[in-house]
Each structure stands twice: as structure tokens, then as C-alpha cells.
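# Fold and geometry: a report
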Amino acid sequence: AAVPARLWGRRSRCTGRLELLFAGTWGSVCAEGWDLAAARVLCRQLGCGRPRLVPVPCSPAAAGASPAVLQQVQCTGQEPALEHCILQPGHASSCS
């Protein structure tokens with residue numbers, strides 16, 4: 001099933017904090033497993049070209065993030081969209 005994604009909180013649709021619609025809820029992704037390969041897949045899915053910056057998830061830019069809906073995302077970087085990656089559901093309580 002498709003996993004809708006958005007980059008939220010900035011002026012451009014290709015910049016901002018990542019949120020995914022997973023099991024009917026918009027939420028964030030835990031840092032575990034999120035890397036440049038996953039960012040490549042997200043940018044491909046959104047039609048945003050190559051990722052330029054993947055900030056540290058615990059940086060001030062992540063303050064105020066919505067509760068986590070995914071504990072882990074594992075991508076090779078070649079997938080056409082995030083739903084083709086390995087996605088492990090999670091909740092805010094399971095995020096460090």
C-alpha cells in the first residue's frame with residue numbers, strides 16, 4: 001500500500017520535517033535506520049530530485065515533531081517509493 005509522505009513546516013514542498021500517513025495517522029519517523037538512502041527514496045517519491053541535507057533527527061529542527069508512526073525505515077536507496085522499503089511501525093513511547 002502507498003505510504004503518503006510530506007515535508008512539512010517550510011515554504012517549499014521539498015523542504016521541511018518529514019511526516020508520513022501510516023495507519024491513518026500523520027506522524028514522524030524515528031531516527032533508527034533513517035539515512036541518506038531513505039532520503040533518496042523520499043525525494044524520488046516526492047519528485048524533489050536529490051537530497052541536499054539530512055539533518056540530525058534530534059536537532060532543534062526536529063523540535064515539535066508529531067508523534068512517531070514508524071520505529072524504523074530501511075531502504076537501499078533504489079526503491080521507487082517508501083512503501084517498497086522495510087517499514088517497522090512504532091509509537092512515540094518506542095522512540096529514544
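Residues numbered from 1 in each chain as written. Predicted model: local features only at pLDDT ≥ 70, side-chain atom pairs only at ≥ 80, totals over all residues. Heavy atoms only, no water.

By the naming in an unreviewed UniProt entry, the protein goes by Deleted in malignant brain tumors 1 protein and is assigned to Eudyptes sclateri. The UniProt entry for the protein carries this comment under Subcellular location (unreviewed entry): "Secreted". (UniProt positions renumbered as here; feature names shortened; annotations may be inferred.)

## Topic: the sheet that holds strand β4 (residues 68–74)
The strand order across the open sheet formed by 5 strands is β1-β2-β3-β4-β5, and the pairing between neighbours is mixed. Every interior strand has two partners, whereas the edge strands, β1 (5–8) and β5 (86–89), have only one. In this sheet, neighbouring strand axes are inclined to one another by 40° on average, regardless of whether the strands run parallel or antiparallel. Sheet analysis places β1 next to strand β2 (residues 17–22), joined by 4 bridges and oriented antiparallel. Each bridged residue has a counterpart across the sheet, and for Ala-5 the counterpart in β2 is Leu-20. (Pairing = 2+ DSSP bridges. Helix = DSSP H or I, 4+ residues; strand = E, 2+ residues; numbered from the N terminus. Axes fitted to C-alpha atoms, helices over the stretch in contact; angles between N-to-C directions.)

## Digging into the pairing of β2
As defined by bridge partners, β2 adjoins strand β3 (residues 25–29) across 3 bridges and the pair is classed as antiparallel. Bridging from a neighbouring strand, Leu-20 pairs with Gly-27 of β3.

## Let's talk about the nonpolar core
Soluble, globular proteins show a tendency: their nonpolar side chains are buried together. In this structure, Leu-18, Leu-20, Trp-34, Leu-42, Val-73 and Leu-82 are the most contacted members of the largest nonpolar core, which totals 20 residues. When contributions to this core are tallied by element, the ones reaching two or more residues are β1, β2, α1 (36–46) and β4. A total of 6 residues in this core trace back to one element, the largest contributor, which is α1. Apart from the residues lying within four places of it in its own chain, the contact partners of Leu-82 are Ala-5, Leu-20, Trp-34, Ala-38, Val-41, Leu-42, Gln-45, Val-73, Cys-75 and Leu-87. (Core = buried A, V, L, I, M, F, W, Y, C linked by side-chain atoms within 4.5 Å. Buried < 20%, exposed > 50% of the residue type's maximum accessible area, 1.4 Å probe, protein only. Contact = heavy atoms within 4.5 Å.)

## Here we look at the pairing of β4
Of all 7 residues in β4, 6 are buried; the element is thus mostly enclosed. Note: β3 against β4, 2 bridges, orientation parallel. Bridge assignment links Val-29 to a residue of β4, and that residue is Leu-70. Here 4 bridges tie β4 to β5, and the two strands are oriented antiparallel to one another. In the sheet register, Gln-74 faces β5, and the bridge partner there is Ile-86.

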